[in-house]
Amino acid sequence: MALCWGRGAAGLSRALRSSGCARPVAEERGTLGGLWGSRRNSTARPCEHDRRKDWGLAELLEVLEARVQQLQAESGSGSEAVGKQLQVSRPAEHFARWAKKLHKDHLELQVRRQRLERKLKAASLKVQPRPLLRVEPQLQNSRLASCLQEPHRNAWEELLARALQEVPQKLSCEGALELWTLQQKLLFFFKGCLASGHLPLAHHVLVSHHSRPRKQLQLTLAMYNTVMLGWARQGSLKELVYVFFMLKDSGLTPDLLSYASALQCMGRRDQDTHTIRRCLDQMVHDGLQPTQIFTDLPLLEEERAAILRAVVKAKPTFSLPPQPSPQVNTSELLREVYSKDEPVSYPKMSLPLETLKGFFQQQLQVELTNNISVQSVDKAPQLTKEVLKARKTLETLREQWKVELLRVLQETKTRLAREARSGRPSLYPFLCLLEDRELVDLLLQALHALPAQGESLIRLAHDVGLQTFNRHSMKQRQLSHQVKELEQRYFQYLQLLASDTQVETPYLPRQYWEVLGPPEPPLQSPWPMRLLLELGNQLTELLVQAVQMPRSLVAPQGSCRLIPVLYHVYSFRSFRQIGILKPHPAFTQLLATAAEPTLIFEAKDMPMLCPPLPWTSPHAGAFLLSSTKLMRAVEGTRQHQRLLECCPPAQLHGALDTLTQLGNCAWRVNGRVLDLVLQVFRDKGSVHLGVPPPASEAPQPPELPLPPDTPPARKAEVRRELVRCLKVAREMHSLRADALYRLSLAQHLRDHVFWLPHNMDFRGRTYPCPPHFNHLGSDLARALLRFAEGKPLGPRGLDWLKIHLVNLTGLRKRDSLQNRLAFANEVMDDILDSLYPLSSDPATFLSHLPVHQDGSCNGLQHYAALGRDSAGASSVNLLPSDLPQDVYSEVAAQVEVFRRQDAEQGVRVAQVLEGFISRKVVKQTVMTVVYGVTRYGGRLQIAKRLRELSDFPQEFVWEASHYLVCQVFQSLQEMFSSTRAIQHWLTQSARLISQAGWAVEWVTPLGVPVIQPYHHNAKFQMKGGLQTITCASNHDTNQRPNTVKQKNGFPPNFIHSLDSSHMMLTALHCYRKGLTFVSVHDCFWTHAADISVMNEVCREQFVRLHSQPILEDLAKFLVQRFCSGLSPRPQKAVEPALFAKLLGTLQAVPKTGALDLEQVKRSTYFFS
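Predicted model only: the values in this text are computed from it and were never measured. (Residues numbered from 1 in each chain as written. Predicted model: local features only at pLDDT ≥ 70, side-chain atom pairs only at ≥ 80, totals over all residues. Heavy atoms only, no water.)

Novice: Help me understand the overall build of the protein, please; the structure alone is not making it clear to me.
Specialist: The number of helices and strands found in the protein is 44 helices and 23 strands. Within the protein, the fraction of its 1168 residues that count as buried is 50%. A sequence separation of at least 24 residues applies to 76% of the contacts in the protein between residues at least 6 apart. Total accessible area on the protein stands at roughly 56300 Å², and carbon and sulfur atoms take up 53% of it. (Helix = DSSP H or I, 4+ residues; strand = E, 2+ residues; numbered from the N terminus. Buried < 20%, exposed > 50% of the residue type's maximum accessible area, 1.4 Å probe, protein only. Contact = heavy atoms within 4.5 Å. Areas by Shrake-Rupley, 256 points an atom, 1.4 Å probe, with all protein chains shown as cover.)

Right under this line is the structure:
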């Protein structure tokens, strides 16, 4: 058998080797040969030498075995003389040894055969014959098909001219809704091929689909344009003509990008004038002008030059359209901000030009590296033998995993390439966007970042897919030579910011950046959610398959058999079963023992080491190379980006300039506070100081198992206690990890100046982009930061520092500012005991500390101003007063009045609540009513506060919370009547709009378009090797709006859009006056010396904002948007009765009171 098998394998080998014969060469050499070139086959490969050696051994063993059997037979039945000779020369023991040896050799041979079979299988994958990539399409249109078969087919210019003149048989459309998923997959496959250099493969798949009538229905104009653009960039006219013929054959009409691709290709080839002119004439015939190519399409510089070269050759008098003059925002609220008539004092940075240039180089290097190693501040373990051994083991395993991951990745790419060549779009081009080693490093980082409790597969797949996209985007910018251009432009931009340079005309940063050159072309469009998940899931499965460790790490006496490091399990979270990837406990323990001292962060998660790029459009700003969204949203959501891109550019100037100004604030780490916090952090933390304790301080769960005779009530109590302990332990782990990241980054940056680029959410509220270390968050986060640029305290700065200190303690909230200042002076000895001494003259002391001014229940302030509600305005400090008003205490007092009345009438729960109604019990509910909290939500908030009262009878918590939430809502109704009327109008308007099939939209007073991302879930499934992933998306306008979320979200979101507008106005006017300004929503920060100026600006801009007819403008916008002929098509047909009710509701704007807004300017405690 072995001999026959060997000969068969040899025959197979010869067949495989003979398949490497030469293939016909394409007419234009090199055009389509880049993906699968012919391979050279050596006649003496190492694999073949091993094969021949094994087959030779098989033949030898067969011969020896046959000879032994023959001798055994002769010894049993042969002549006596022969038998005696054999007994003398070959005793029985000798035969036994032979048989034993042959059996052993057979076993070894079987193992070697199995190994050889695996090698042959792998080799066959490499050398099997690959079908040719298709180039020439099969056309359905007989007239077009005959053109390609005529004798003069080499005259590709003439063929292009004919294709241009062919009249399409059907209108251009993007396909039916049910084909949308397939079309998205195909389109991004073509884009992936274009980006990864596999254009021949894209052309092959396009031809394969076009040649099949049913498959052709999936093709859209964008797909033909994508492949055409690729050939245009290579100057391959023949292939571009083929695609143009297919486009016309499918009945689609070429658009601006189609003609731009044709012109670019001819410009690169220096085509003859006649063909270019015919192309331009046909373009004009289709209603398109050549100038539109340069004004409407995002082009790279070399593409722009090639197209211009072609156009000028055909029309020598053609010239580029002049650059449009910069658009100016005409909003009444921003008129003073952009006025050229009044002098301005834009602030300069305290750093010279050369220093800032050096900072730019550092930040550029960080973003090119992408991953930054940061030393952990956790208490370092002693370097015992156990720790060193664990680190060495980890290092060894990582090297082995890299090799195995590379092998598995290459096999997967080979399999996916075969799928693509068969005409099925696959993930192959996306796996080629990065080098194999880059993908391996990315996967190993994801492995080490996994928490001990595991991570959901869908979350991990999404993160891996998104990281792949981000790294590819950065690589594209490097390859397109944008880095050098960015460096030159940025150095010019620094002339505006540096302390030792001047520009002739004062500019805002965005304005100066636009003066320095044309706008940058938009970066690559983000990948859809499905693609991110598919790619991330594929890479994650590779990780699970390849990463293994010896069993001996689990059981020291165990075998060296390999076991998986990652396990796929199912778990319930929020009543849903989800798949989780969980690391093996032995691997988690190995990481804990090794206690490696570094943390890995991506560049976009770090503060910047140089001033951010100014925001100039929805896709340009913030980091140097890392792509950042102007409007943050759930990944996969496109509705916000579409709204921003449809806006006139000048409409967004207020928001863009605010984000730029907030990002230009330079920061430093407060080293003295950091040292103190690190000491507490390493010494088991402190809940009182806001420093999370380590996991060792978590409550210990009850001992299990319980005795068999444990009563059921005791078992239930133990289960509840176990759940509580596990919940607390998870929360402590999360808080500790968050603090570890923040403190490690603070230590890493303690000797650096750094910047925090900003973006905004869909309501216009601003946030720092770096998530782990910024000025948002707890007191601990804020205490670690100070302004990099100091400012002398001046005559009033020391007083404001004292008041700020008292405000932070929360001890004198009801006192006047004078009393707070007096209190600070009383305890000055205690204050100085914890401070480093000031200079002898406080007015000259250089202060770096931000001083805060916080709005007084800011949401209710906006409601009271909208409704001109005098009573409500007085409660929230819109009116002047000697002492600060506290709306929470007033509501608590009103509730107490209601409780006392009910108690006198014998209401049991009112009697139980005697002495328990306080400001703290009602504060959270009062604060969140303005942001849309429901009665049920308010009930939960009050119940939580009552449970914190040790002497309150806990059996009455639920009944008492129900009673109190009703009284709180009734109190607010009486105190803020106009507020409740406006809230009701907004709620009813949103309900009717969403019932009609639309998501609620509006535009903020500063021009930021807003759309609420609340829709019913649309689910899609994605099959994988580990599990079928079900993904639910509720953020796209293609889905039916969620009426409940739309109506509940409109009032709070609208108020948030107003407080963001007020903040932006304050920021822009403070910048114009030369102030340093940052904010945490409705809490404004600046230097102590500038508090008086900021307070004046803050009040003036609030009055100016609410002097506009905000509700009337909102009603007009909603009527025009949803009740006119310009309304977008809803998700369903609108009934006439519903339409009439919607129109009537929108026009019934609530009536307002007689509040004089000018009084706000004299209110001391409006922001204080």
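Novice: Help me understand the packing of helix H30 (residues 794-809) against helix H31 (residues 817-826), please; the structure alone is not making it clear to me.
Specialist: Between H30 and H31, the shortest axis-to-axis distance is 9 Å and the interhelical angle comes to 90°. Accordingly, the angle class assigned to the pair H30 and H31 is roughly perpendicular. Between H30, through Asp799, Trp800, Lys802, Ile803, Val806 and Asn807, and H31, the contact on the second element is made entirely by Leu817, Arg820, Leu821, Phe823, Ala824 and Asn825. For the contact of H30 with H31, the per-class residue count stands at seven nonpolar, two polar and three charged. (Axes fitted to C-alpha atoms, helices over the stretch in contact; angles between N-to-C directions. Parallel < 35°, antiparallel > 145°, perpendicular 65-115°, else oblique. Nonpolar A, V, L, I, M, F, W, Y, C, P; charged D, E, K, R; others polar.)

Novice: Before we go on, may I ask you to explain unusual backbone geometry in this structure?
Specialist: Negative phi characterises most residues that are not glycine, and trans characterises most peptide bonds. In the Ramachandran plot, Cys857 falls in the positive-phi region, its phi being about 50° despite a non-glycine side chain. In this fold, Cys857 is placed in the loop between strand S17 (851-854) and helix H33 (858-867). With a phi angle near 60°, His1081 is a residue other than glycine that sits in the positive phi range. Locating His1081 in the fold gives a position in the loop between strand S22 (1078-1080) and strand S23 (1083-1086). The exposure class assigned to His1081 is buried, which follows from its relative accessible area of 19%.

Novice: Is there a simple way to explain the sheet that holds strand S14 (residues 785-787) in this structure?
Specialist: Pairing between sheet strands relies on hydrogen bonds along the backbone, with the strands arranged either parallel or antiparallel. On the basis of which strands lie adjacent, the open sheet formed by three strands has the order S11-S10-S14 and antiparallel pairing. Of all strands in the sheet, those with a lone pairing partner are strand S11 (754-755) and S14, marking the two edges. In terms of strand pairing, strand S10 (residues 666-669) meets S11 through two bridges, oriented antiparallel. When the sheet's bridge partners are listed, Ala666 is paired in S11 with Trp755. (Pairing = 2+ DSSP bridges.)

Novice: What's the story with the sheet that holds strand S2 (residues 455-456) in this structure? I'm lost.
Specialist: In spatial order, the strands read S2-S6-S5; together these three strands make up an open sheet with antiparallel pairing. Lying at the two open borders of the sheet, with one neighbouring strand each, are S2 and strand S5 (566-573). Relative to strand S6 (residues 576-583), S5 runs antiparallel, the two sharing eight bridges. Residue pairing across strands places Tyr567 opposite Lys582, the latter belonging to S6.

Novice: Can you walk me through the packing of aromatic side chains in this structure?
Specialist: The way to describe two aromatic rings as a pair is by their centre distance and the angle between their planes. What the rule picks out here adds up to 26 aromatic pairs. Taken together, a centroid distance of 5.4 Å and an interplanar angle of 75° make the contact between Phe360 and Phe491 edge-to-face. Of the two residues, Phe360 is situated in helix H16 (residues 353-369) and Phe491 in helix H21 (residues 482-497); the sequence distance between them amounts to 131 residues. Across the pair, exposure class does not vary: Phe360 and Phe491 are buried alike. On the numbers, 5.5 Å between centres and 80° between planes, the contact of Phe601 with Tyr741 is edge-to-face. You can see Phe601 sitting in strand S7 (residues 598-602) and its partner Tyr741 sitting in helix H28 (residues 712-748), a full 140 residues away along the chain. (Phe/Tyr/Trp six-rings, centres within 6.5 Å; stacked < 30°, edge-to-face > 60°.)

Novice: What exactly am I supposed to notice about the pattern of salt bridges here?
Specialist: Any two side chains of opposite charge can pair, so long as their charged atoms come close to each other. A full pass over the atoms with the stated rule returns 33 salt bridges. Among the salt bridges present, the one from Arg510 reaches Glu514, with a minimum N-O distance of 3.3 Å. On the criterion of helical spacing, the pair formed by Arg510 and Glu514 is a turn pair, its members being four residues apart in helix H22 (residues 509-515). Accessibility expressed as a relative area gives 31% for Glu514, which makes it partly exposed. Between Arg919 and Asp886 there is a salt bridge, with its nearest N and O atoms 2.4 Å apart. Remark: Asp886 occurs in the loop between helix H34 (870-875) and helix H35 (887-904) and Arg919 occurs in helix H37 (residues 919-929); sequence separation between them is 33 residues. (Salt bridge = Lys/Arg side-chain N within 4 Å of Asp/Glu carboxyl O.)

Novice: Before we go on, may I ask you to explain the environment of Arg1121 in this structure?
Specialist: By the secondary structure assignment, Arg1121 is in helix H43 (residues 1110-1122). A C-alpha to C-alpha distance of 8.3 Å links Arg1121 and Glu1001, two positions 120 residues apart in sequence.

Novice: Sorry, what's going on with the environment of Gln1046 here?
Specialist: Considering the arrangement of structural elements, one finds Gln1046 in helix H41 (residues 1043-1072). Overall, the relative accessible area of 0% leaves Gln1046 in the buried class.

Novice: So what exactly am I meant to see when it comes to the nonpolar core here?
Specialist: Note on soluble globular proteins: their nonpolar side chains tend to be buried together. In terms of nonpolar packing, the biggest core is built from 153 residues, with Tyr490, Leu624, Leu878 and Phe1054 touching the most fellow members. If you tally residues by element for this core, the top one is H41, at 11 residues. Residues contacting Tyr490, with those up to four places away along its chain left out, are Phe360, Trp513, Cys610, Pro611, Leu613 and Leu624. Core analysis: the second largest hydrophobic core is formed by 107 residues, Phe188, Leu297, Leu406 and Ile563 among them. (Core = buried A, V, L, I, M, F, W, Y, C linked by side-chain atoms within 4.5 Å.)

Novice: How should H28 be read in this particular structure?
Specialist: Side chains of residues three or four places apart in an α-helix project in the same direction, reflecting 3.6 residues per turn. End to end, H28 covers 54 Å across 37 residues, agreeing with the expected 54 Å (1.5 Å per residue, within 8%). Among the residues of H28, those classed as buried are Val718, Cys725, Met732, Arg736, Ala739, Leu740, Arg742, Leu743, Ser744, Leu745 and Ala746. If you follow the buried residues of H28, they end up packed against strand S1 (371-375), S7, S10, helix H27 (671-682) and helix H29 (779-783). (Expected span 1.5 Å × (residues − 1).)

Novice: Would you mind showing me how to read a nonpolar patch on the surface here?
Specialist: A grouping of Tyr936, Leu940 and Trp958 is seen on the molecular surface, where their side chains present a nonpolar patch of about 330 Å² in accessible area. Its place among the elements puts Leu940 in helix H38 (residues 935-947). (Patch = residues over 30% accessible without salt bridge, like charges linked within 9 Å, V, L, I, M, F, W, Y side chains within 5 Å.)

Novice: So what exactly am I meant to see when it comes to the packing of helix H40 (residues 977-995) against helix H44 (residues 1136-1147) here?
Specialist: Each pair of packed helices gets described by two things: the angle between the helix axes and the distance between those axes. In contact at an axis separation of 10 Å, H40 and H44 are set at 155° when each is read in the N-to-C sense. Taken together, H40 and H44 sit at an angle that is classed as roughly antiparallel. In terms of crossing hand, the pair formed by H40 and H44 is left-handed. Within the contact between the two elements, H40 uses Trp985, Gln988, Ser989, Arg991, Leu992, Ile993 and Gln995 and H44 uses Leu1138, Lys1141, Leu1142, Thr1145 and Leu1146. Taken together, the residues of the contact of H40 with H44 sort by class into six nonpolar, four polar and two charged. (Left-handed = near helix turned anticlockwise from the far one by under 90°.)

Novice: Before we go on, may I ask you to explain the side chain of His209 in this structure?
Specialist: Along the chain, His209 turns up in helix H8 (residues 199-210). Look at His209 and you get buried, because its relative accessible area is 3%. Residues contacting His209, with those up to four places away along its chain left out, are Leu186, Lys215, Gln216, Gln218, Leu219, Gly423 and Pro425.

Distances and angles like these do not, on their own, reveal function.
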